[in-house]
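Reading the structure
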Amino acid sequence: MWNGGPAARLCDVADPLATVTELLAPVFAGLAGDEADPVVRPSDRADAQVNGALPLAKELGTNPRELAEQVVDSGVLQAVCSEVEIAGPGFVNLTFSSEFLAAELGKVAVDDRLGLVEAGTAKTVVVDYSAPNVAKEMHVGHLRSTVIGDALVRMLEFLGHRVIRENHIGDWGRPFGMLIEHLLDLGEDVAAEGIGQGDLDGFYKQANEKFRDSEEFQQRARERVVLLQSGDDDTLALWQRLVDMSNAYFNTVYRKLGVLLDDGDLAAESRYQPMMPETLARLEASGLMERSDGAMVVFPPGFTNRDNDPLPLIIQASTGGFNYATSDLTCVIDRVERLGADLMLYVIGAPQAQHLQMVFKVASMAGWLQPPAEAVHVAFGNVLGDDRKMLRSRSGEAVKLVDLLDEAVDRAAAAIAEKNPDLDGEARAEVARIVGIGAVKYADLSTDRIKDYVFDWNRMLSFDGNTAPYLQYAHARICSIFRRAEVDRTDLRRAEIVVGEPQERQLAQRLLAFPTALDDTMATYSPHKLCTYLFDLAQDFTSFYEHCPVVKAAEPVRSSRLELCDLTARTLDRGLGLLGIDAPQAM
Ligand code: ARG
């Protein structure tokens, strides 16, 4: 679990709701004789509502209204509220004082980080994400891992942690015998061309078919695996060619996606091969390992199969080869002992949950993974087609990621041409790229990662609703307000903010909640929470802009409102940026 928070310590700006919760915590503790949640929530009738008196009264068997009175009489709310009123059976309605809101907003306005200070204790965090397999197509599962991992990396870095990105590509194992033989049969240049164009699945499939149909090929493939494992130079050179071709292709996908990953982040399965005998020896010495059906295994307690038999984690197969689990265990040792990781995030699909839990368990039993160091499986669900089955292309094959991204940009270009025909060719192409890629990423990030989501072009590219285009458009619209008002945004940031209208108050509170939103997001590594916050912010801005004239307002209200516009745009820009999504100035 994340313990960089709570928000109050992450930021030096007071989120109104969080501030009230903090102020009331000792009051409620006094009344309850124990910790009790004041339950502070946004409200339609006032700025906020304290609901905690009701459940507490029930628990204590007292009158809720009397408890509410004691809460009010404590006097702690006066510091931030201009009105405090008991309503109904024992709710407390709060109106924040305009001075409080204005003072806090004033602090945010002059801060590039929008009120967010770095975490008190910087951690070393290893993020394991993307991890496609050599000579295999990247599928939408790899898209999810790449996009979610990239967002987490950006947020962790912004919070001041030392982040180590690791792309644990699958580049080792038995299939490489047949893949190398197929490479030789095809000729390196022909293979390079196919793979360079992203036809990895074609390559893999051909190799597989040959393996199935030809005994002679099978024989060669087996001999090749032995050569590879014994470190034969020529074989390693061929293997390296395959790895390089695949990586070059993965890099084109990463560049298209605009994620931070590059070659320096590669931490491939093969890298851990030389360290695996030591992992085996350490497990042997620990007494955890046993022989089962000829293989060397560990039975971590608590894991059973359908028949309730204990489930082994296979460390070394009966043939002597090491497994996926061995490489993950070795990885844990490397991350904790060499890299000094405090926290390891594994951004991997939900189907691998059991594998990871078994790896974590064995690593902790062996003493390699001990608190305060921790490992977390940041799991995610599937991407579905509109038939609610796994996303497939029209010909029934797995969808190629590049095709998907190219189509997103094409569709965005069409949507933008319609919305803003005045945008010239080059600018339009750039905006289409930003909007198209942003839409795909945001569709992925904005649903709770653990759930499946339906890949729906129309929804993700819509300018309405919780989508990237909606947020990007809100940002661009604010930029256009400044162009019309002819003010330099940086000149503005010291203007006095006055919050009068209800829509201004609502927007002010939302702006001040940005650090809390980020803190909530990191508490469960759930980017969708930041998305929801940004969507709420954009909606609050829309109703503010509908009700409160900005450019035509008289001073000092005009400057104050422009300041709210500026803060909204900066928060949208920063928030989208933390998700790995750009926000154009015009679109
Ligand atoms: N290459 C694997 C796959 O495509 C994912 C690897 C994830 N990382 C790890 N440390 N196991 O399924």
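Everything numeric in this text was worked out from a predicted model, so none of it was measured.

Residues A295 and V297 point to one face of strand 8 (residues 295-298) and M296 and V298 to the other, with burial holding for every one of them. In this structure, strand 7 (residues 289-292) lies alongside strand 8, joined through four bridges in antiparallel fashion. Bridging from a neighbouring strand, E290 pairs with V297 of strand 8. Here strand 8 pairs with strand 9 (residues 313-316) via three bridges, running antiparallel. Considered in strand 9, the bridge of M296 is made with Q316.

For the peptide bond that leads from P371 to P372, omega is 5 degrees, which places it in the cis range. Across the junction of E555 and P556, the peptide omega takes the value 5 degrees, indicating a cis bond. Even without being a glycine, A131 presents a positive backbone phi close to 50 degrees. Within the element layout of this structure, A131 appears in the loop between strand 5 (124-128) and helix 6 (140-158). The backbone phi angle of D293 is positive, close to 50 degrees, even though this residue is not glycine. Structurally, D293 can be placed in the loop between strand 7 and strand 8.

This part covers the site of the ligand. Close contacts around the ligand come from D128, A131, N133, H142, H168, Y324, D328, I348 and Q352, and that covers them all. Interatomic distance of 2.9 Å between a side-chain N/O atom of H142 and an oxygen atom of the ligand. In isolation the ligand offers 350 Å² of accessible surface; the protein chains occlude 88% of this area. Per-class residue counts for the shell around the ligand are three nonpolar, four polar and two charged.

Taken in spatial order, the four strands make up an open sheet running 1-2-4-3, and their pairing is antiparallel. Both edges of this open sheet fall to strand 1 (40-42) and strand 3 (81-87), since each of them pairs with a single strand only. Each strand axis lies, on average, 25 degrees off the axis of its neighbour in the sheet, ignoring direction. Sheet topology places strand 3 next to strand 4 (residues 91-96); six bridges connect them, and they run antiparallel. Looking at the pairing, V84 lines up with L94 of strand 4. Against the sheet, helix 2 (residues 16-32) makes contact with strand 1, strand 2 (48-50) and strand 4, and its axis sits at roughly 155 degrees relative to strand 1, the strand it touches most.

According to the stated counting rule, one finds 10 aromatic pairs in the structure shown. When the ring of W172 is compared with that of W239, the centres are 5.3 Å apart and the planes differ by 85 degrees; the resulting orientation is edge-to-face. Placement of W172 in the loop between strand 6 (162-166) and helix 7 (175-186) and of W239 in helix 11 (residues 233-257) is noted, with a sequence separation of 67 residues between them. By relative accessible area, which is 8% here, W239 ends up buried. On the numbers, 6.0 Å between centres and 85 degrees between planes, the contact of F463 with Y473 is edge-to-face. Taken together, the residues F463 in the loop between helix 17 (457-460) and helix 18 (468-485) and Y473 in helix 18 connect sequence positions 10 residues apart. Judged by its relative accessible area of 30%, Y473 falls in the partly exposed class. The structure contains a cluster of three or more aromatic residues connected by ring pairs, namely F541, F544 and Y545.

Now for the environment of D47. Tracing the sequence through the fold places D47 in the loop between strand 1 and strand 2. Judged by relative accessible area, D47 falls into the buried class, the value being 11%. C-alpha of D47 to C-alpha of E83: the two residues are 36 residues apart in sequence and 9.8 Å apart in space. If we skip the residues at most four places from it in the chain, D47 touches P42, L94, T95, F96, R505 and Q509. Separated by 2.8 Å, the side chain of D47 and the backbone nitrogen of F96 make a polar contact.

This part covers the confidence of the model for the chain. The predicted model of the chain averages 92 in pLDDT, with 97% of residues at 70 or higher. Here residues 1-10 is a poorly scored stretch, pLDDT under 50, and it has 28 contacts once near neighbours within four places are set aside; other chains count.

For the rest of this paragraph, the subject is the pattern of salt bridges. Summed over all chains, the structure comprises 26 salt bridges. Between R335 and D128 there is a salt bridge whose closest N-O contact spans 2.9 Å. Separated by 207 residues along the polypeptide, R335 in helix 13 (residues 324-338) and D128 in strand 5 bring together distant segments of the chain. Of the two residues, R335 and D128, both sit in the buried class. Ionic pairing is found between K210 and D185, a salt bridge with its closest N-O pair at 2.7 Å. With K210 in helix 9 (residues 200-213) and D185 in helix 7, the pair connects residues that are 25 residues apart, well separated along the chain. By relative accessible area, which is 38% here, D185 ends up partly exposed.

As summarised here, the arrangement of the three strands in space is 7-8-9, forming an open sheet in which the pairing is antiparallel. Each of the sheet's edge strands pairs with one partner strand only, and the pair in question is strand 7 and strand 9. Within this sheet the neighbouring strands show an average axis-to-axis angle of 45 degrees, counted without direction.

Bringing the nonpolar core into the picture now. Formed by 153 residues in total, the largest nonpolar core has its most connected members in L345 and L579. If sequence neighbours within four positions are ignored, L579 has contacts with A151, R154, M155, Y442, L445, P527, L530, C531 and L534. By size, the runner-up hydrophobic cluster in this structure holds 31 residues, among which are V126, I164, I348 and A363.

Turning our eyes to something else, we now look at helix 21 (residues 514-523). Turn by turn, an α-helix covers 3.6 residues, leaving residues three or four places apart pointing in a common direction. The buried fraction of helix 21 amounts to eight of the 10 residues, a majority that puts the element mostly inside the structure. Listing the buried residues of helix 21 in full gives F514, P515, T516, A517, L518, D519, T521 and M522. With its phi angle positive at about 50 degrees, Y525 sits one or two positions after the end of helix 21.

Moving on, we come to the packing of helix 8 (residues 188-196) against helix 11. Following both chains from N to C, one finds helix 8 and helix 11 inclined at 25 degrees, their axes separated by 9 Å at the closest point. Our classification of the angle between helix 8 and helix 11 gives roughly parallel. Remark: the crossing between helix 8 and helix 11 carries right-handed chirality. Residues E188, A191, A192, I195 and G196 of helix 8 pack against L238, R241, L242, M245, S246 and Y249 of helix 11. Split by residue class, the contact of helix 8 with helix 11 holds seven nonpolar, two polar and two charged.

Thresholds, definitions, all that
Sequence order as written defines the numbering, with residues in each chain counted from 1. Given that the model is predicted, a residue must reach a pLDDT of at least 70 before its local features are reported, and side-chain atom pairs must reach 80 or more before they are shown or counted; all residues, however, enter totals for whole chains, interfaces and linings. Values reported for side chains reflect all heavy atoms of the structure, with hydrogen atoms and water molecules removed beforehand. The cut-offs for exposure are 20% and 50% of the maximum accessible area for each residue type, with area from a 1.4 Å probe on protein chains only; residues under the lower value are buried, those over the upper are exposed, and the others partly exposed. Secondary structure counts use DSSP, requiring at least four H or I residues in a row for a helix and at least two E residues in a row for a strand, with both numbered from the N terminus. When DSSP finds two or more bridges between two strands, those strands count as paired. Near, as used in this document, describes a residue that has one of its heavy atoms within 4 Å of the molecule or strand being considered. Counting of polar contacts relies on pairs of N or O atoms within 3.5 Å, with two restrictions inside protein: one atom must be capable of donating a hydrogen and the other of accepting it, and residues adjacent in sequence are counted only when both atoms are side-chain atoms. Surface exposure here means Shrake-Rupley accessible area, sampled with a 1.4 Å probe, where a residue is shielded only by the protein chains that are shown. Amino acid classes used here: Ala, Val, Leu, Ile, Met, Phe, Trp, Tyr, Cys and Pro are nonpolar; Asp, Glu, Lys and Arg are charged; the rest, including Gly, are polar. Angles run from 0 to 180 degrees between N-to-C directions of axes, and those axes are lines fitted to C-alpha atoms, restricted for helices to the stretch in contact. Should any heavy atoms of two residues lie within 4.5 Å, those residues are considered in contact. Whether two aromatic rings pair depends on their centres lying within 6.5 Å, for rings of Phe, Tyr and Trp, where Trp uses its six-membered ring; planes under 30 degrees apart make the pair stacked, over 60 edge-to-face, and the rest tilted. pLDDT expresses, on a scale from 0 to 100, how confident the predictor is about each individual residue. Here a salt bridge means any side-chain nitrogen of Lys or Arg lying within 4 Å of a carboxyl oxygen belonging to Asp or Glu. What makes a nonpolar core is a set of buried Ala, Val, Leu, Ile, Met, Phe, Trp, Tyr and Cys residues whose side-chain atoms join them at distances within 4.5 Å. The labels follow the angle: roughly parallel below 35 degrees, roughly antiparallel above 145, roughly perpendicular from 65 to 115, and oblique for the rest. Crossing handedness: left-handed means the near helix sits turned counterclockwise from the far one by under a right angle, and right-handed means the same turn made clockwise.

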